[in-house]
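Fold and geometry: a report
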Amino acid sequence: MIGGKTIMFDCGMHMGYHDDRRFPDFSLIPKRGDYTQSIDCIIITHFHLDHIGALPYFTEICGYEGPIFMTYPTKALAPLMLEDYRRVMVDRRGQQEQFSVLQIHDSMKKVTAVDLKQTISLGSDIQFRAYYAGHVLGAAMFHLKVGESTVVYTGDYNMTPDRHLGAAQIDRLKPDLIITESTYATTIRDSKHARERDFLQAVHKCVTNGGKVLIPVFALGRAQELCILLDDYWERMNLKAPIYFSAGLTMQANVYYKLLIAWTNQKVKDTCITRNTFDFKHVSVFDRSQLNAPGPCVLFATPGMLSGGLSLEVFRLWAPFEQNMVVVPGYCVPGTVGYRLVTGKTVTLDADKRIKLEVRCQIHHLSFSAHTDAKGIMDLLRHVSARHVILVHGEKPKMALLRTRIISELGVPCFVPGNGETVEVPSRLVLKVLASEKFLTKSQSNSLQTSIKSKVDDVSAPKRHMEDVSLSSIHDIRSAIIIMDKEKTIQVLNPEEALNVLNVSQHNFLYRCRLPLYISGMNDKDFNAPEVFDRGPTEGNEISGKELMKPSKKCCRGIQEFSGFQQQYDLEDKDAENELIWAERKEQENELELEDKGAENERIWAEHKEQEGIPHSVLEAMVQTVYKHLVKQLGDIVCYKQDNCIVANSVCIKISSEKTQSGTENKAQYIFTCTWSGQDEELARQIISILHMMQIASQASA
């Protein structure tokens, strides 16, 4: 059950049983009346009997009348498989008929065919899409979405292309859950080239020695793959031993393969204009009169796994002879004759339990299975990136090992439920919200990747459009205000809009950072107060003009070291410049005979400051240096000076001075106090970083 909906993936049978256990236990389906009311839809991945074998029974005997979906090739080929199975089980083995030919056709009439990557909507809640799975003609994976819950069901798939089909292809869907087959949960197959070489060498050796080769296969899929391989090899090696395939079903299947060429790989498509790959030159139809014919031959007989039919009949006749060989080309379900062969167990034929068949022929087991191996499973899981994994369609001990590997390497929860066992998997919560145009515009201007497509023109308008907003995609959630109204409608607004909607005033929180800086080259002897440049003659002060000018030399050097760039003044040699100024002022002083030397010094100093543009104090010089540096570093952000402060947006840098004790020496310390409001936190961080770099430059120059 997904999002309150019940979806049935595949409706197959167990090939190892011939009693009631062959079909699923439909009594486990939660009942909401009959089966039609209990199940919202059935999705079939491909035409193999272990995925579709019970469908006619479920629809025509159990009475399910609801929607059924499968791909076009699956709908075309499924009746052939089902009719062949019914014929083998009833006409040849005399078992009770589970469904008739008519019921097979009636069941197929209920099926809706879908194409790859076609989005199908069922009601307002259910959507699904098919993806190419390889494996057999028409096989598909399905991505299902019910509400906001998402599931990928793989069915059987192959991550390696073969001679007539391509590899599985699916988008990076990141679903809540992926349900994947695990037939080869622990097997890493060798290269396809090596497998083909071993197969061809074994068959060639057997027929050269006069033996007969039996290859039990299902009529669709592996039969075509191996026929292509042998037909090409026979042509290259000019071999004369006949190759047969069982009549009827395979011939019909080849017709469909020719018609459905678009579902094959690119090589087959490219050559179909000059020669159809499925027009075999060395493969002909088998006749039962040839069962005991002398001489070597190769026979493709159905069904696979030696589970009955012609393949089992031929096996009984050829198995006692050492020169003959049985090639088991893929996986066999436990309980089948093929499984007992490949595991080395004594073969007891179900037709007569009192008779044990002594197997003397060669048994050659090769992995020509169209199932992916353990590496392919892991590759698919990494690509799809599901939040949870469920393993099905495999052997329990091997599935347990694969589960451990998935948890260890991928770090996602993995489950291996048994038949009838329930597993609960949480899905992600996606909220539908209303997003204002101002919020969307700001998000886009900040280069935020959002999944929002439409916009709301006016947050106060009564009619709005609902949109899916992934809040995890908004990198800076502080730029949004989320509001839920009385109708439980969720809105995402810009902060200014939220104030109007809520009818409240804005409250600003101010943050403060205090950054002390020591100015190298200056101490308490250089100035008794921060305003060292303004220290003019006072009453009782006997200092001369020369003594007045000397402190400015150290102060200038300290300011230069603080800035770190020597850009405060354009003079290369400040000491020489100060001496030049002093010489000029000394000459003027000697010419003047004023009674109040203090007033004269003050006048001279004021004129000098006015002419040279020198700051009136070290503090003012500090403000000017920081201001120029911030203007250069902040670019388009407007800065201005106000008293001993520098302001940029809501960020205010106040510069003040203190004196500190360092041993026996008093040191000059300047304090930068930054205050800012929440909306300018990033700007404040940038400014503090700039001040910190200036502090480092000052310490380095010291």
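Now for a description of the structure that goes with this document.

Calculation criteria
Residues numbered from 1 in each chain as written. Predicted model: local features only at pLDDT ≥ 70, side-chain atom pairs only at ≥ 80, totals over all residues. Heavy atoms only, no water. Disulfide = S-S within 2.5 Å. Phe/Tyr/Trp six-rings, centres within 6.5 Å; stacked < 30°, edge-to-face > 60°. Helix = DSSP H or I, 4+ residues; strand = E, 2+ residues; numbered from the N terminus. Buried < 20%, exposed > 50% of the residue type's maximum accessible area, 1.4 Å probe, protein only. Lys NZ or Arg CZ within 6 Å of the ring centre and 35° of its normal. Polar contact = N/O pair within 3.5 Å; in protein donor to acceptor, adjacent residues only side chain to side chain. Contact = heavy atoms within 4.5 Å. Salt bridge = Lys/Arg side-chain N within 4 Å of Asp/Glu carboxyl O. Pairing = 2+ DSSP bridges. Axes fitted to C-alpha atoms, helices over the stretch in contact; angles between N-to-C directions.

**Some words on the state of the cysteines**
Counted according to the given criterion, the structure contains zero disulfides. Just so you know, Cys 297 is unpaired, no disulfide at all, and the nearest cysteine sulfur is the one on Cys 206, 9.1 Å from it.

**A word on the packing of aromatic side chains**
For the coordinates displayed, the defined rule picks out eleven aromatic pairs. The interplanar angle of 20° and the centroid separation of 6.4 Å between the aromatic rings of Phe 26 and Tyr 57 together place this pair among those described as stacked. Remark: Tyr 57 occurs in helix α3 (residues 55–61) and Phe 26 occurs in the loop between β1 (7–9) and α1 (35–38); sequence separation between them is 31 residues. The exposure class assigned to Phe 26 is buried, which follows from its relative accessible area of 7%. Residue Tyr 57 is classed as partly exposed on the basis of its relative accessible area of 22%. Taken together, the aromatic side chains of Phe 23, Phe 26, Tyr 35, Tyr 57, Phe 58 and Tyr 64 make up a single cluster linked through ring pairs. Across from the ring centre of Tyr 184, 5.4 Å away, lies the NZ or CZ of Arg 189, which sits over that ring.

**Digging into the side chain of Asn 324**
Inspection of the secondary structure assignment puts Asn 324 in the loop between α10 (309–318) and β14 (325–328). Among the polar contacts made by the side chain of Asn 324, one reaches the main-chain carbonyl oxygen of Trp 318 at a distance of 3.1 Å. Once residues lying within four places of it in the same chain are set aside, the contact partners of Asn 324 are Cys 206, Gly 211, Lys 212, Trp 318, Cys 361 and Gln 362.

**Remarks on the pattern of salt bridges**
Here the structure, examined in full by the defined rule, presents 15 salt bridges. Lys 375 is the salt-bridge partner of Asp 379, the closest N and O atoms lying 3.0 Å from each other. Of this pair, Asp 379 and Lys 375 both sit in helix α12 (residues 374–384), separated by four residues, roughly a single helical turn. Ionic contacts of the salt-bridge type, sharing partners, join the residues Lys 375, Asp 379, Arg 382, Arg 405 and Glu 409 into one network.

**As for the side chain of Thr 45**
With respect to the helices and strands, Thr 45 occurs in the loop between β2 (41–43) and α2 (49–52). Ignoring sequence-local partners within four residues, the contact set of Thr 45 consists of Asp 10, His 51, Thr 74, Gly 138, Ala 139, Ala 140, Phe 142, Tyr 153 and Gly 155.

**Thoughts on the pairing of β14**
Two faces belong to every sheet, and in a regular strand the side chains alternate between them. Where burial is concerned, the two faces of β14 agree: the one with Met 325 and Val 327 and the one with Val 326 and Val 328 are both buried. In this structure, strand β10 (residues 212–216) lies alongside β14, joined through two bridges in parallel fashion. When the sheet's bridge partners are listed, Leu 214 is paired in β14 with Val 326. Note: β14 against strand β17 (residues 362–365), four bridges, orientation parallel. Paired with Val 327 across the two strands is His 364, which belongs to β17.

**Observations regarding the pairing of strand β22 (residues 481–484)**
Examined bridge by bridge, β22 and strand β23 (residues 490–493) share four bridges and lie antiparallel to one another. In the strand pairing of β23, Ile 481 is matched with Leu 493. Between the end of β22 and the start of β23, which pair antiparallel, lie five residues, with Lys 488 showing a positive phi angle near 65°.

**Notes on the sheet that holds strand β3 (residues 68–71)**
Strand order in this open sheet of four strands is β1-β2-β3-β4, and the pairing throughout is parallel. One side of each edge strand has no neighbouring strand; the edge strands of this open sheet are β1 and β4 (111–114). For this sheet the average axis-to-axis angle between neighbouring strands, irrespective of direction, equals 25°. Pairing analysis gives three bridges linking β1 to β2, with the strands arranged parallel. Paired with Phe 9 across the two strands is Ile 43, which belongs to β2.

The values are spatial; any link to function lies outside them.
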